[in-house]
Amino acid sequence: MRTANDVIHRILWDDCIPQAEVIVGYLDRFVGTVERDFAKFNWGDIATLSQTETAIPQHRIQYFKWRDEIIWDKRVRLDRVFGSSGHDVIAFSPLPSAPAPLSIVAAGTQANATTVLHASTDRPNIFVCFRIMDPAVVDACKHVQTAIIATNPRLAAAALAPARFHCTLVRLRLHSLNVVQRRKSGLVNEVAAAQRVLAECQGLLHTLCASSVRIDGVSAFGNRVVYAKVAPHDGLLTLVATLKARFAAAGISLVGNHDVYQPHLQLFKLAKDHCRLGTKINARSYAAYALHDFGSHSVTSMHLCGLDDSSHIAPDGFYPRLAPPVVNVAPKRIAKSSTTLKSPAVTSVHVFDLT
């Protein structure tokens, strides 16, 4: 009988099998058989996955369902995908046209220039970050990128452009950019709510991130993402925790964040297509930079940016920004009026007997 791996590849590459309608039944060591949407797994090499992605060893897969009908079952040797078990083959139908992805006009762009955001509901589509622009730090990052690419020229396509160097603070999911939500201050959309949260944290940014962050060493998430490590910074950790709490209070979903915040500057990220072709980032290629000192960098501002499928590039080469940046300066204070208000004269006193 054809294997689970054969079925996975058929579902991945056959346009007539809608991935959104496939369920995977797999064996969990603690709770038994569990079902999960096929599309929520990353079916690449487990060794190449980052800590935010979900995978399952293929030997744990028990069955596949399509539209609530089991189409492959290891337990009873049923194969209706290829018919290798002698059963009739399912006549799969193509996926109906998918809804258009969410779009939003990026800040500072023309009205017809839109940022296309991920339509998948379990992925972040915006993020908050601070940019890495110090020339010395940028040059150090480019040097490491060049050294790694020299070991495997195919990795050049996975290198992050220097204009996009940044450190992510929080990843978020806007469920609808058109749905208006009611709040105490009136009717505002999710982008405006996110922008307001950042603006309210300007004073906190100035207080907690007065000192620079250190960038020391190179590490990786699996064999797919290589990054420069941002050293622990108490102010940055407090800022991120506060942002998460305030975004959650504003009704904005936190998606794709580590339980323990790991500040980092991404240098390489392999696309899933590269992983399927067997491309990997060998740990030996960056081992010499494990303790490399990239220098210090100031947290000069926070940016609200869109994660887009179209690789849209802003005029300055950075990610599309959905709102003006929040700059690390002391927030303006409202000057107190010099007019002295006189207390009203007491004309009478009323005494109440409570006995």
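Residues numbered from 1 in each chain as written. Predicted model: local features only at pLDDT ≥ 70, side-chain atom pairs only at ≥ 80, totals over all residues. Heavy atoms only, no water.

### So, the sheet that holds strand β4 (residues 69-73)
Pairing is antiparallel across the open sheet formed by five strands, whose spatial order is β2-β1-β3-β4-β5. Both edges of this open sheet fall to β2 (32-37) and β5 (78-79), since each of them pairs with a single strand only. Sheet analysis places β4 next to β5, joined by two bridges and oriented antiparallel. Its bridge partner being in β5, Asp73 is matched across the sheet by Leu78. Sheet contacts for helix α1 (residues 4-13): β1 (22-28), β3 (61-66) and β4; angle to β3, the most-contacted strand, approximately 30°. (Pairing = 2+ DSSP bridges. Helix = DSSP H or I, 4+ residues; strand = E, 2+ residues; numbered from the N terminus. Contact = heavy atoms within 4.5 Å. Axes fitted to C-alpha atoms, helices over the stretch in contact; angles between N-to-C directions.)

### Concerning the pattern of salt bridges
Scanning the model with the defined rule gives 11 salt bridges in all. The salt bridge partner of Lys65 is Glu35, with a shortest N-O separation of 2.9 Å. Of this pair, Lys65 sits in strand β3 while Glu35 is found in strand β2, placing the two residues 30 residues apart along the sequence. Note on Glu35: relative accessible area 40%, which makes it partly exposed. Linked through salt bridges whose partners overlap, the residues forming this network are Arg131, Asp316 and Arg321. (Salt bridge = Lys/Arg side-chain N within 4 Å of Asp/Glu carboxyl O. Buried < 20%, exposed > 50% of the residue type's maximum accessible area, 1.4 Å probe, protein only.)

### A look at the confidence of the model for the protein chain
Counting all residues, the mean pLDDT for the protein chain is 79, and 75% of those residues have values of 70 or more. Scored below 50 in pLDDT, residues 177-188 shows 23 contacts in the model against residues more than four places distant or in partner chains. (pLDDT = per-residue confidence, 0-100.)

### Focus: the pairing of strand β12 (residues 213-221)
Pairing of β12 with strand β16 (residues 293-297) involves four bridges; the strand directions are antiparallel. Among the inter-strand pairings, Arg214 is bridged to a residue of β16, identified as Ser296. Of the strand pairs in this sheet, β12 and strand β13 (residues 225-230) are connected by five bridges, and their pairing is antiparallel. Considered in β13, the bridge of Ile215 is made with Val230. Once β12 ends, the chain turns through three residues before running back antiparallel as β13, passing Gly222 with a positive phi of about 65°.

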